[in-house]
Amino acid sequence: MANRKTNVVALRDFQREPLNHLASPLRLVQRRPAALRLVPLFLFVCFVVFKSTFFSAQFVSGSYSDHIKNFSLIYIPMVTILLHTLVLKHFRFRVFCLLVFLDTLVSIGIATYFEYFSENVDLHTLSATVHEFMPVADSLFVLMPKKAAVLLLLLTLGECLAARQIRRLSLKNAWKPLACLVLPLAILGTYKVPFWQATKTLYYDRAIAVHGYYAAFVFDVLFSSPIPSAEDVKQRTQIINQTYPTQLLPKGIIAGDSYKHLIVLQVESLDYNLLGHTEEDREVIPFINSLAEKSILLKLRPHHTAGSGSSGADYQFLTGMIPIPEYACYKLPAFDYINTLPVELRSRGILTTVFDGTVRSYWGRAVPFRQMRVARFIDSTDFPVVDTSWGISDKLLLSAAANMINHTNKPQLFLLMTLTSHVPFGFVEHDVFARGDTVGRYFDAINYTDEAIKDLIVNLEGRNVFMIYGDHLSGISGDSYSSFSGEEGFVPGLIFAAEDGQVVALENSPLLAGEQEQVYDIRSLHYAAREFQTTTDDR
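Summary of the structure given here. What you see is a predicted model, and the numbers here were worked out from it, not measured in a lab.

## Observations concerning the nonpolar core
Point 1. Counting 61 residues, the largest nonpolar core has Leu265, Leu274, Leu416, Ile453 and Ile468 as its most contacted members.
Point 2. When residues in this core are grouped by element, the largest group, nine residues, is from helix α18 (residues 438–458).
Point 3. The contact partners of Leu274, leaving out residues within four places of it in the chain, are Val284, Ile285, Asn289, Tyr442, Phe443, Ile446 and Tyr481.
Point 4. In terms of nonpolar packing, the next biggest core, distinct from the first, is built from 49 residues, Val233, Ile253, Ile322 and Tyr520 among them.

So this is what it looks like as structure tokens:
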């Protein structure tokens, strides 16, 4: 009993002793415990600022001046803090967490989109092409920058944990001084890119760099029309095609000889860097490699745009023009299809037949192809069975095309558009390269397409001239393989002739077989195809 009283007295005396012997931070907490309550607020601000800065930094790189970059990296995080604070104040905590995580998922999706297309997305593009993106929506998980996505999700989790503690603080009016800081910055941002100009085709990227994506989306709703005007389309088309003038091939590439048919293959996601590439001492595209040795081999700049996707490639081949990046090329109002390749060939008695593994409405091709006077458009609805989750596999499509070509006597242009090698590279079972990662799946898919092209060419009868080109890059960038050479990527273009399945020389061609040093684009094939001739007199 005596010992217990002694311990109580000793404890009382210890509590009365001064705290001079304790560390300074601990003394601060003991004297002012309210300071400890500000730590979650500090963490909340840090998480929001770092996340918004990390996300927006990639959209203000490039040709923007330093004062725009510096302004946006201050303005956008402050706006984000203000918005998140208001949501936390006016909504339940669970709703706040849901909205913040949704915002993060949208940010990851936008970053993935930007990484693949190398351009910003606007509401018009999203609304006009949502049908096109749905069949390959799972490609988001293939192309997503995994490390960046994990970092953003961890920052969001940290923000929510800090926000839970902030709700216990008395910060009801904390948003007001923050709003006073944001308002003059918003006015300054409006001066840099006025609202009424933010949705013009020449200003949209600048608006995103200054105001951020959500503000640009609001501008889209308030100040823009969902359908571009014909005059705007005409002006923008003229500007983009003058900016990137066409590098023409020498005349007479395929005009020095006569052929039965012109057969053009638009191959999905065919990279120039795949030519000659091996995996485990095995060529990824062995048949195309064998063709490249005997063909006029071109390095083509694809001009891939988010607004047009894969359709931008056949648009270039058929029209001889680059699509404008803001709108889907086959959904433009009042577009003139008079000077297109099918119209030109039809005037000489040569019809055009298109094979597409998807449906003819995909990317809005159906109506413009009729306006171009395409004679036949064969799509997945013309097959009794659709053998993949998206459309017709390349082997089935090209087998049907070979059968029609062999039974067509009159000269024609056959445009064959493959799809099996599209992301996420899993439409057919074809396990050749046992890697299991994205690069391995791409190698398997494009190897399958390579086999389909081989089956097509060796089974064709007569003397035909061929063009093969990739519609755009695969977008793959890994340690062992990348679509890009530095900051730019190219697709191959091959021009060759074959007789009864055997490659033969292009007679009297001004270019010899082999790689050409100069960089061309898909439009160059358009002008070469206009020279197509035939030995057939029955037209």
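## Topic: the environment of Thr358
Point 1. Take Thr358: it is sitting in the loop between β5 (351–356) and α16 (366–371).
Point 2. With a relative accessible area of 4%, Thr358 lands in the buried category.
Point 3. Taking C-alpha positions, Thr358 is 9.4 Å from Ile378, a pair spaced 20 residues apart along the chain.
Point 4. With near-sequence residues (within four places) excluded, Thr358 lies in contact with Asp379, Ser380, Trp390 and Leu419.
Point 5. In this structure the side chain of Thr358 is engaged in a polar contact, spanning 3.0 Å, whose partner is the side chain of Asp356.

## Re the pairing of strand β7 (residues 412–417)
Point 1. Of all the six residues making up β7, six are buried; the element is thus mostly covered by neighbouring parts of the structure.
Point 2. As paired elements, strand β1 (residues 262–267) and β7 share five bridges and run parallel to each other. The partner of Leu262 across the bridge, within β7, is Leu413.
Point 3. By the bridge criterion, six bridges tie β5 to β7 in an arrangement that is parallel.

## A closer look at unusual backbone geometry
Negative phi is the rule for most residues except glycine; trans is the rule for most peptide bonds.
Point 1. Put simply, Val423 and Pro424 share a cis peptide bond, and its omega is 10°.
Point 2. Topologically, Pro424 is positioned in the loop between β7 and α18.
Point 3. Non-glycine residue Ser269 carries a positive phi angle of around 55°.
Point 4. Summarising the element assignment, Ser269 is placed in the loop between β1 and β2 (278–279).
Point 5. In the Ramachandran plot, Trp363 falls in the positive-phi region, its phi being about 60° despite a non-glycine side chain.
Point 6. Position of Trp363 among the secondary structure elements: in the loop between β5 and α16.
Point 7. Residue Trp363 is classed as buried on the basis of its relative accessible area of 4%.

## Quick look at a positive patch on the surface
Point 1. Together, Arg92, Arg94, Arg164 and Arg167 line one region of the surface with positive charge.
Point 2. Counting through the fold element by element, Arg92 comes out in the loop between α4 (66–90) and α5 (93–117).

## A few points about the packing of aromatic side chains
Point 1. Counted by the stated rule, this structure contains 13 aromatic pairs.
Point 2. Relative to Tyr469, the ring of Phe317 has its centre 5.9 Å away and its plane inclined at 35°; by these criteria the two rings are tilted. In this pair, Phe317 sits in helix α14 (residues 311–319) while Tyr469 sits in strand β8 (residues 463–470), placing the two residues 152 residues apart along the sequence. Here the two residues Phe317 and Tyr469 agree in accessibility, since each one is buried.
Point 3. On the basis of an interplanar angle of 70° and a centroid distance of 5.8 Å, the ring pair of Phe433 and Phe443 is categorised as edge-to-face. With Phe433 in the loop between β7 and α18 and Phe443 in helix α18, the pair connects residues that are 10 residues apart, well separated along the chain.
Point 4. Residue classification places Phe433 among the buried residues on the basis of a relative accessible area of 4%.
Point 5. Phe443 sits in the buried class, given a relative accessible area of 0%.
Point 6. Each member of the aromatic cluster is reached from another via a ring pair, and the members are Phe425, Phe433, Tyr442, Phe443 and Tyr481.
Point 7. Over the aromatic face of Phe490 sits the side chain of Lys299, whose NZ or CZ is 5.2 Å from the ring centroid.
Point 8. Above the plane of the ring of Phe377 lies Arg360, whose end atom (NZ or CZ) is 5.7 Å from the centre.

## Digging into the state of the cysteines
Disulfide: a covalent bond formed between the sulfur atoms of two cysteine residues.
Point 1. Counted by the stated rule, this structure contains zero disulfides.
Point 2. The cysteine Cys97 is free of any disulfide, with Cys160 supplying the nearest cysteine sulfur at 3.6 Å.

## Description of the packing of helix α10 (residues 204–211) against helix α11 (residues 213–223)
Point 1. Two elements in contact, α10 and α11, have axes separated by 7 Å at closest approach and are oriented at 135°. As summarised for this structure, α10 and α11 are arranged oblique, according to the angle between their axes. Listed contacts from α11 to Tyr204, Ile208 and His211 of α10 are Tyr213, Ala215, Ala216, Phe217, Phe219 and Asp220.
Point 2. When its residues are assigned to classes, the contact of α10 with α11 shows seven nonpolar, one polar and one charged.

## Considerations on the pattern of salt bridges
Point 1. Overall, the coordinates contain 11 salt bridges when judged by the stated rule.
Point 2. Measuring nitrogen to oxygen at the nearest pair gives 3.6 Å for the salt bridge that ties Arg530 to Glu344. With Arg530 in the segment after α19 (522–529) and Glu344 in helix α15 (residues 341–346), the pair connects residues that are 186 residues apart, well separated along the chain.
Point 3. When the shortest N-O distance is used, the salt bridge between Arg523 and Asp521 registers 2.6 Å.

## Comments concerning the environment of Leu345
Point 1. One can find Leu345 in helix α15.
Point 2. Judged by its relative accessible area of 0%, Leu345 is buried.
Point 3. Separated by 186 residues in sequence, Leu345 and Glu531 place their C-alpha atoms 9.1 Å apart.
Point 4. Contact partners of Leu345, with chain neighbours within four places excluded, come to Ile350, Leu413 and Ala529.

## Focus on α10
Point 1. Where burial is concerned, most of α10 is hidden: six out of the eight residues are buried.
Point 2. Along α10, the residues classified as buried are Tyr204, Ala207, Ile208, Ala209, Val210 and His211.
Point 3. With its phi angle positive at about 95°, Gly212 sits one or two positions after the end of α10.

## A short note on the pairing of β8
Consecutive side chains along a regular strand alternate between the two faces of the sheet.
Point 1. The element β8 is extensively covered by neighbouring structure, given that eight of its eight residues are classed as buried.
Point 2. Where burial is concerned, the two faces of β8 agree: the one with Arg463, Val465, Met467 and Tyr469 and the one with Asn464, Phe466, Ile468 and Gly470 are both buried.
Point 3. Inspection of the sheet shows β1 paired to β8 by six bridges, in the parallel sense. Within the sheet, the bridge partner assigned to Leu262 lies in β8 and is Val465.
Point 4. The pairing of β8 with strand β11 (residues 491–499) spans seven bridges and is classified as antiparallel. Pairing of Tyr469 across the sheet is with Gly493, part of β11.

What counts, and where the lines are drawn
Residues numbered from 1 in each chain as written. Predicted model: local features only at pLDDT ≥ 70, side-chain atom pairs only at ≥ 80, totals over all residues. Heavy atoms only, no water. Core = buried A, V, L, I, M, F, W, Y, C linked by side-chain atoms within 4.5 Å. Buried < 20%, exposed > 50% of the residue type's maximum accessible area, 1.4 Å probe, protein only. Helix = DSSP H or I, 4+ residues; strand = E, 2+ residues; numbered from the N terminus. Contact = heavy atoms within 4.5 Å. Polar contact = N/O pair within 3.5 Å; in protein donor to acceptor, adjacent residues only side chain to side chain. Pairing = 2+ DSSP bridges. Patch = residues over 30% accessible without salt bridge, like charges linked within 9 Å, V, L, I, M, F, W, Y side chains within 5 Å. Areas by Shrake-Rupley, 256 points an atom, 1.4 Å probe, with all protein chains shown as cover. Salt bridge = Lys/Arg side-chain N within 4 Å of Asp/Glu carboxyl O. Lys, Arg positive; Asp, Glu negative; His and termini not counted. Charge placed at Lys NZ, Arg CZ, Asp CG, Glu CD. Phe/Tyr/Trp six-rings, centres within 6.5 Å; stacked < 30°, edge-to-face > 60°. Lys NZ or Arg CZ within 6 Å of the ring centre and 35° of its normal. Disulfide = S-S within 2.5 Å. Axes fitted to C-alpha atoms, helices over the stretch in contact; angles between N-to-C directions. Parallel < 35°, antiparallel > 145°, perpendicular 65-115°, else oblique. Nonpolar A, V, L, I, M, F, W, Y, C, P; charged D, E, K, R; others polar.

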